[in-house]
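Coordinate analysis (summary)
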Amino acid sequence: MSAILINDVKTTFTNTFKTDPILVFSPGRINIIGEHTDYNDGFVFPAAVDKGIAAALQKSDDNVSKAYALDMDSLVEFELDKLKPSAEGSWENYLFGVIAEIQNRNKVIGNFNIVFKGDIPEGAGMSSSAALENSIVFGLNELFDLGLTKHEMILISQKAEHNYVGVKCGIMDQYASMFGITDNALLLDCRTVESKPYEIDFKDHDLILINTNVKHSLSDSAYNDRRSACESIAELLGIKALRDATEADLEIIKDKVTPENYQKALYVIQENDRAVKASKAIEENDLKTLGALIFQSHNGLQHQYKVSCDELDFLVDQAKASDHVLGARMMGGGFGGCTINLVAKSEAKTFGETTSIAYKETFGRACSVYYIKLSQGTHLVK
Ligand code: GAF
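Note that the structure is a prediction, hence the values are computed from the model and not measured. Numbering of residues begins from 1 in every chain and follows the order in which that chain's sequence is written. Totals for whole chains, interfaces and linings use all residues, but because this is a predicted model, local features are given only for residues with pLDDT of at least 70 and pairs of side-chain atoms are given and counted only at 80 or more.

Attention shifts here to the sheet that holds strand β12 (residues 368–371). Taken in spatial order, the four strands of this open sheet run β10-β11-β9-β12, and their pairing is antiparallel. In this open sheet, the two edge strands, each paired with only one partner strand, are β10 (325–330) and β12. This sheet shows a mean twist of 20 degrees between the axes of neighbouring strands, independent of strand direction. What counts as a contact here is a pair of residues whose C-beta atoms, placed from the backbone, lie within 7 Å. Axis angles are defined between N-to-C directions and span 0 to 180 degrees, where every axis is a line fitted to C-alpha atoms and, for a helix, only to the segment in contact. Per the convention used, a helix needs a DSSP run of H or I reaching at least four residues, while a strand needs a run of E reaching at least two, with both numbered from the N terminus. Most of the contacts of helix α9 (residues 287–303) go to β10, to which it runs at about 30 degrees, and overall it touches β9 (205–215), β10 and β11 (336–344). Paired strands, as defined in this entry, are two strands with at least two bridges between them according to DSSP.

What follows deals with the domain arrangement of the protein chain. In this entry, domain limits derive from an automatic or database-based domain assignment. The domain architecture assigned to the protein chain consists of domain 1 (3–200 + 376–380) and domain 2 (205–372). Secondary structure elements with two or more residues in the side of domain 1 that touches domain 2: β1 (22–31), β2 (43–44) and β3 (46–59).

Looking now at the UniProt feature "domain: Galactokinase N-terminal" (unreviewed entry) in the protein chain. Under the present numbering, the feature "domain: Galactokinase N-terminal" (unreviewed entry) in UniProt falls on residues 12–59. What you have in residues 12–59 is 12% helix and 54% strand, and the ends, taken at the C-alpha atoms, are 16 Å apart. UniProt positions are given in the numbering used here, feature names are shortened, and annotations may be inferred rather than shown by experiment.

Take the pairing of β3 next. It is a general feature of regular strands that their side chains alternate between the two faces of the sheet. Exposure criterion: with C-beta atoms placed from backbone coordinates, a residue whose C-beta has 20 or more other C-beta atoms within 10 Å is buried, one with 12 or fewer is exposed, and one in between is partly exposed. By the criterion of burial, β3 is predominantly enclosed, with eleven of the 14 residues buried. In the sheet, β1 pairs with β3 via nine bridges, with the strands oriented antiparallel. Bridge pairing in β3 links V24 to A55. One ladder, built from seven bridges, connects β3 with strand β6 (residues 112–118); its direction is antiparallel.

Turning our attention to the site of the ligand. Working rule for contacts: place C-beta from the backbone, and if it is within 6 Å of a molecule or strand, that residue counts as near it. By nearness alone, every residue bordering the ligand is listed as E35, H36, D38, Y39, S127, C169, G170, M172, D173, G332 and G333. Gly counts as polar in this scheme, as do all residues outside two lists: the nonpolar Ala, Val, Leu, Ile, Met, Phe, Trp, Tyr, Cys and Pro, and the charged Asp, Glu, Lys and Arg. For the shell around the ligand, the class distribution of residues is three nonpolar, five polar and three charged.

Where helix α10 (residues 310–321) meets helix α11 (residues 348–363), the closest approach of the two axes is 11 Å, and the angle between their N-to-C directions is 145 degrees. Of the two elements, α10 crosses α11, and the hand of that crossing is right-handed. Listed contacts from α11 to E311, F314, L315 and Q318 of α10 are T355, A358, Y359, T362 and F363. A class-by-class count of the residues in the contact of α10 with α11 yields five nonpolar, three polar and one charged. Should the near helix be turned counterclockwise from the far one by less than a right angle, the crossing is left-handed, whereas a clockwise turn marks it as right-handed.

We now examine the UniProt feature "domain: GHMP kinase N-terminal" (unreviewed entry) in the protein chain. Mapped onto this numbering, the UniProt entry gives "domain: GHMP kinase N-terminal" (unreviewed entry) at residues 93–180. With 59% helix and 8% strand, the stretch residues 93–180 has end C-alpha atoms that lie 25 Å from each other.

With respect to topology, three strands assemble into an open sheet ordered β2-β7-β8, the strand pairing being antiparallel. This sheet does not close on itself; its edge strands, each paired only once, are β2 and β8 (194–199). Relative to β8, strand β7 (residues 184–189) is paired through six bridges, and the arrangement is antiparallel. Directly across from A185, in β8, lies its bridge partner Y198. Where helix α5 (residues 172–179) meets the sheet, its contacts fall on β2, β7 and β8, and the angle it forms with β7 comes to roughly 140 degrees.

The nonpolar side chains of a soluble globular protein tend to be buried, and buried together. Each nonpolar core reported here comprises buried Ala, Val, Leu, Ile, Met, Phe, Trp, Tyr and Cys residues connected via C-beta atoms within 7 Å. Core analysis: the biggest nonpolar cluster contains 109 residues, and V9, I30, A55, V98, F116, L242 and A278 have the highest contact counts within it. Per element, the largest residue contribution to this core is nine residues, and it comes from helix α8 (residues 259–283). In this structure, this core is formed jointly by two domains, domain 1 (3–200 + 376–380) and domain 2 (205–372), each of which donates at least three residues. The contact partners of F116, leaving out residues within four places of it in the chain, are V9, I53, A54, A55, A69, L70, L132 and S135.

Turning our eyes to something else, we now look at helix α1 (residues 3–17). With 15 residues, α1 extends 21 Å between its outermost C-alpha atoms, agreeing within 8% with the 21 Å of an ideal straight helix rising 1.5 Å per residue. Within α1, burial applies to L5, V9, F13 and F17. All buried residues of α1 project into a common sector of 60 degrees when viewed along the axis, lining one side. Seen from the buried face of α1, the exposed residues on the opposite side, beyond 90 degrees, are A3, I4, N7, T11 and N15. Residues of α1 that are buried make contact with β3 and β6. Downstream of α1 by a residue or two, K18 has a phi angle that is positive, lying close to 60 degrees. Given a helix with a known number of residues, its expected span is that number minus one, times 1.5 Å. Here, the arc refers to the directions that run from the helix axis to the C-beta atoms.

See the structure below:
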């Protein structure tokens, strides 16, 4: 967590609203493996990171509430009983969505002011949106004594995204951001919404992220399309979610679905299996197997689930060509953002540098390399 970020929101809040705020930090996340499995009731393997959203909030006596997005130098005033979604793509939808979902649960909040700022690059696929939603619901729960549990808070964040932002996301991002544990990744069962922590210490290997610095358009609609394809196949199979299907089940209905959707469902079944296998590999400190599963995951995301893009594939190919990378794959929803790479510590810097040069030569733009720390979930900052 960046002390500068916290200080920025605190100072801005105090200067603007002339009172002392409470301070919340809510992290972004990585995901080791288990991509697009969360909304299929499956397994994912995320961890909260040391980058995220810092928010300063306090109750207000005014008859309106005010929110200031410091990064964008954008201030909005709003009335709590007149909320409706703003234009598509606007940041207010995260805020309004969270408030509306709190109100839907018959919880009463009064007017308040909020200032927030983040250090997760936009479109990096590290879930700045879940971090923002969680920081708001967590802060409001604290300010107005709403008595919400963390599980209730993440469901509020998720529903805000569904109903106000328009992305029918799973629960992984909100969960990881809320429940993250320092130095641990969480094997999360998205059906029970319970997780098992795994201490991540790969000794002579590290996880690094490489950001393509692109986010291709239509990624949100492609995401929702994938989700409904999965749901329709589950319905055809007469099961609650693809988590309950085997490859053999899928074979039986093969001629009732398009070849594209068959591959997508097959990917989900296989990726779910890979996430569980990855947890075993970590338990046994078998990094070669973990790396191989990570490469397989990318292969599935690229060729079966079709959520990758040229820039991500290029970065993964670079990783494959290196003797020092055990595994690499695109991370998050796809169509841009970061790859996650399991790299020999001693070679991580060189790998980052050579990859950056090759990326620039190929795409005429820079990629960014991030060294991350696995960190605590959403919390108050004293
Ligand atoms: C996005 C979503 F928000 C998550 O719920 C998850 O589905 C992920 O894409 C893909 O694994 O981050």
